[in-house]
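Chain residues, written in single-letter form:
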Amino acid sequence: MHEFSMVSQLVEKVVEEARKRGAKRVVEVELEVGQLSFLNPEQMLFAYRILTKGTILEKSRLTIRTVEAHVRCRLCGFDGKPEYADDASYHVSAPLFLCPNCGGPVEVLVGTGCIIKRVRLEV
Ligand SMILES: [Zn+2]
């Protein structure tokens, strides 16, 4: 599952960081998830609960914030939200984003990844 591998990488990173800072435990992890990453927040929370068991992150809170996508058109220079249907089929195949202005190919600037915004530690 997409969410499980993502959360597993996230947990590893936070554990490493917490260790480096000599933290006793992790209190909260704040995530920013791009709209176009198609990560399901509920699935992520579920994965988080399972994957943090027995780690320094156990019982910590996971906060997920969704970040809206932002694209730029290579043809007309349009800058803004892409046009795409929120269709379930997009979750299995890679979606193609088009410029709402001219229909040309766009470059995704924001919204595909998942980043750790903040980690609260108890030291
Ligand atoms: Zn365009």
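Cut-offs and rules
Residues numbered from 1 in each chain as written. Predicted model: local features only at pLDDT ≥ 70, side-chain atom pairs only at ≥ 80, totals over all residues. UniProt positions renumbered as here; feature names shortened; annotations may be inferred. Pairing = 2+ DSSP bridges. Helix = DSSP H or I, 4+ residues; strand = E, 2+ residues; numbered from the N terminus. Axes fitted to C-alpha atoms, helices over the stretch in contact; angles between N-to-C directions. Contact = placed C-beta atoms within 7 Å. Parallel < 35°, antiparallel > 145°, perpendicular 65-115°, else oblique. Left-handed = near helix turned anticlockwise from the far one by under 90°. Nonpolar A, V, L, I, M, F, W, Y, C, P; charged D, E, K, R; others polar.

Where an unreviewed UniProt entry is consulted, the protein chain appears under the name Hydrogenase maturation factor HypA, with the organism given as Candidatus Terraquivivens tikiterensis. Quoted verbatim from the Function (unreviewed entry) field of UniProt, the annotation for the protein chain is "Involved in the maturation of [NiFe] hydrogenases. Required for nickel insertion into the metal center of the hydrogenase." Its UniProt record gives the protein chain a comment under Sequence similarities (unreviewed entry), which states: "Belongs to the HypA/HybF family."

Moving on, we come to the sheet that holds strand 1 (residues 25–34). Reading across from one edge, 2-1-6 is the order of the three strands in this open sheet, with mixed pairing throughout. Every other strand in the sheet has two partners, leaving strand 2 (61–67) and strand 6 (114–122) as the edge strands with one partner each. Taken pair by pair, the neighbouring strands of this sheet meet at an average axis angle of 15 degrees, ignoring direction. In the sheet, strand 1 pairs with strand 2 via seven bridges, with the strands oriented parallel. When the sheet's bridge partners are listed, Val29 is paired in strand 2 with Leu62. Each of strand 1 and strand 6 is contacted by helix 1 (residues 2–20), which is oriented at about 40 degrees to strand 6, the strand it contacts most.

What follows covers the sheet that holds strand 5 (residues 106–110). Strand order in the open sheet made by the three strands is 4-3-5, with antiparallel pairing throughout. One side of each edge strand has no neighbouring strand; the edge strands of this open sheet are strand 4 (79–80) and strand 5. When strand 3 (residues 70–73) meets strand 4, the two strands line up antiparallel, connected through two bridges. From the neighbouring strand, Val71 faces strand 4, where its bridge partner is Gly80.

Moving on, we come to the packing of helix 1 against helix 2 (residues 41–51). Where helix 1 meets helix 2, the closest approach of the two axes is 9 Å, and the angle between their N-to-C directions is 50 degrees. The angle between helix 1 and helix 2 places the two elements in the oblique class. Note on packing geometry: the crossing formed by helix 1 with helix 2 is right-handed. Residue-level inspection shows Glu3, Phe4, Val7, Ser8 and Val11 of helix 1 in contact with helix 2, the latter providing Gln43, Met44, Ala47, Tyr48 and Leu51. Here the contact of helix 1 with helix 2 is composed, by residue class, of seven nonpolar, two polar and one charged.

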